[in-house]
Amino acid sequence: MLDSSRVFIIAEAGSNWKVGSYNEDVKRAKKLIHVASESGADAVKFQTFRANTVYVSNAGNSSYLEKSGISKNINEIFENAQMPYEMLKELSEYCDKQKIQFMSTPFSVTDATAINEHVKIHKVASYEINHVRLLEYLAKTKKPIILSTGASNYDEIDFAVNILKKYHVKEYALLQCTAKYPAPLESLNLLTIPEMKKRYKISIGLSDHSLDPIIGPIIAVGLGARIIEKHFTLDKNLAGPDHRFALEPAELKKMVEVIRASEKTFGDGKKRVLDVETELRGFAVRRIQATKDIKKGERLMEGYNMDVLRPGNRTNGSEARFLLKINGKKSKRSIKTGDGVRLQDCL
């Protein structure tokens, strides 16, 4: 599932479903699911947490959120954005109807227990990569696991991977991620994708927080990423912490279209003459061609009666690399101007 040649695209709804009342929240969440499905994404992902199990009770304000005009302390923000567990089943069932996979990132073992029956793949947020008990629980589910690696180093990634190995998780993947919202393009550090692929020999992807819908994802795919995760919203101007750096519906759809188009360019990695190249190979690749009429028994001389030229619609001569084997030999047959001179024509 995670090691397919087809890129797995996750449309990250984050907290962008939050409006106010339960009914309003469900309505917007379903709208986000519909948009993600219409975009062609493989999965739509939410977040499941309880504020009192994430931050200490007096964590204070986040400067990055204050820059977005959100002056509440982080505890209040998380308390406001926590998704009721009873909403999970309804959203999961709606995803089934919309033919898109439901996902939700848990922030505690209790959260993971609540979502486990509703998801096929578990996702671990960057800041939870060292959450021992959460990793142990998820590993025991035996479901595929995707871990984001924002703000972490190889020692910390190794720690998480070793837990998954300890519990014999068969399928897991890592996402390169820059834990900055939004993340400047120059901070994406995408060359870690082939580096991590080489180090861990598993599927690697990108969780992209940059504003651009195309550059990060398409370069990541070119470097071997097989998972792309990107935040999206219905409108960047809506109130909430995750709207400002998220893609709007048209941008999300364009991102998916570009990734799907790029997949067509992968091929099988075997260098050969392709079927689509055959016509011009015969027309334009240089061959050994007669530059004047050549009589039977006449000596074949480069620059006199033959040369290395593109044959166009004339019969193809031998490949130009055989020039030294033909030059100076006598012709077994008469050859018209423009036609090919072949190895088998030589005495």
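Structural data are supplied above this passage.
Thresholds, definitions, all that
Residues numbered from 1 in each chain as written. Predicted model: local features only at pLDDT ≥ 70, side-chain atom pairs only at ≥ 80, totals over all residues. Heavy atoms only, no water. Helix = DSSP H or I, 4+ residues; strand = E, 2+ residues; numbered from the N terminus. Rg over C-alpha atoms; globule rule 2.2 N^0.38 Å. Buried < 20%, exposed > 50% of the residue type's maximum accessible area, 1.4 Å probe, protein only. Contact = heavy atoms within 4.5 Å. Areas by Shrake-Rupley, 256 points an atom, 1.4 Å probe, with all protein chains shown as cover. Lys, Arg positive; Asp, Glu negative; His and termini not counted. Charge placed at Lys NZ, Arg CZ, Asp CG, Glu CD. Core = buried A, V, L, I, M, F, W, Y, C linked by side-chain atoms within 4.5 Å. Polar contact = N/O pair within 3.5 Å; in protein donor to acceptor, adjacent residues only side chain to side chain. Expected span 1.5 Å × (residues − 1). Arc of directions from axis to C-beta. Phe/Tyr/Trp six-rings, centres within 6.5 Å; stacked < 30°, edge-to-face > 60°. Lys NZ or Arg CZ within 6 Å of the ring centre and 35° of its normal. Patch = residues over 30% accessible without salt bridge, like charges linked within 9 Å, V, L, I, M, F, W, Y side chains within 5 Å. Salt bridge = Lys/Arg side-chain N within 4 Å of Asp/Glu carboxyl O.

### Observations regarding the overall build of the protein
Each helix and strand counted, the protein has 12 helices and 10 strands in total. For 347 residues, the compact-globule estimate of 2.2 N^0.38 gives 20 Å, and the protein exceeds it by more than 25% at 30 Å. Across its three principal axes, the protein shows a C-alpha extent of roughly 100 × 40 × 40 Å. The buried share of the protein, reckoned over its 347 residues, is 48%. Look at the contacts in the protein between residues 6 or more apart in sequence, and 66% of them connect residues 24 or more apart. Just so you have it, the protein exposes about 17600 Å², and 51% of that area is on carbon and sulfur atoms. Between the mean site of the 55 positive side-chain charges and the mean site of the 43 negative ones, the protein shows a separation of 10 Å.

### What about the nonpolar core?
Val44, Phe46, Leu147, Leu174, Ile228 and Phe232 are the most contacted members of the largest nonpolar core, which has 61 residues in total. Sort the elements by how many residues they give to this core and helix H1 (residues 22-39) lands first, with 6 residues. Setting aside residues up to four positions removed in sequence, Ile228 forms contacts with Val7, Phe8, Ile9, Ile10, Leu206, Pro217, Ala220, Val221, Met255 and Ile259.

### Focus on the environment of Gln82
Inspection of the secondary structure assignment puts Gln82 in the loop between helix H3 (74-81) and helix H4 (85-98). Here the alpha-carbon distance between Gln82 and Ala51, two residues 31 residues apart in the chain, equals 6.8 Å. Once residues within four sequence positions are removed from consideration, Gln82 is found in contact with Trp17, Phe49, Arg50 and Ala51. Of the polar contacts made by the side chain of Gln82, one reaches the backbone nitrogen of Ala51; its length is 2.9 Å.

### What to know about helix H7 (residues 154-166)
Helical geometry: 3.6 residues make up each α-helical turn, so side chains three or four residues apart lie on a common side. When the terminal C-alpha atoms of H7 are compared, their 18 Å separation across 13 residues agrees well with the 18 Å that a helix rising 1.5 Å per residue should span. Every buried residue of H7 is accounted for by Ile157, Ala160, Val161, Ile163 and Leu164. Taken around the axis of H7, the buried residues stretch over an arc of 150 degrees, which confines them to a single face. Exposed side chains of H7 directed beyond 90 degrees from the buried face belong to Asp155 and Lys166.

### Notes on the packing of aromatic side chains
Inspection of every chain in the model, using the stated rule, returns 7 aromatic pairs. Seen in terms of ring centroids, Phe78 and Phe107 are 6.5 Å apart; in terms of plane orientation they differ by 65 degrees. Their pairing is edge-to-face. Highlighted residues: Phe78 in helix H3 and Phe107 in the loop between strand S3 (101-106) and helix H5 (109-116), separated in sequence by 29 residues. This pair shows no difference in class: Phe78 is buried, exactly as Phe107 is. Measuring from ring centre to ring centre gives 5.5 Å for Tyr181 and Phe245, while their planes differ by 50 degrees; the resulting arrangement is tilted. Pair noted here: Tyr181 is in the loop between strand S6 (172-177) and helix H8 (192-200) and Phe245 is in the loop between strand S8 (227-231) and helix H10 (249-263), with a separation of 64 residues, a long-range link. With relative accessibility at 4%, the residue Phe245 sits in the buried group. What links up through ring pairs into an aromatic cluster is the set Phe49, Tyr55, Phe78 and Phe107. Residue placement shows Lys292 over the ring face of Tyr304; its charged tip is 4.2 Å from the ring centre.

### A look at a nonpolar patch on the surface
A contiguous nonpolar surface patch, about 240 Å² in accessible area, is contributed by Leu185, Ile215 and Ile219. Positionally, Ile215 belongs in helix H9 (residues 215-222). Given the relative accessible area of 39%, Ile215 is considered partly exposed.

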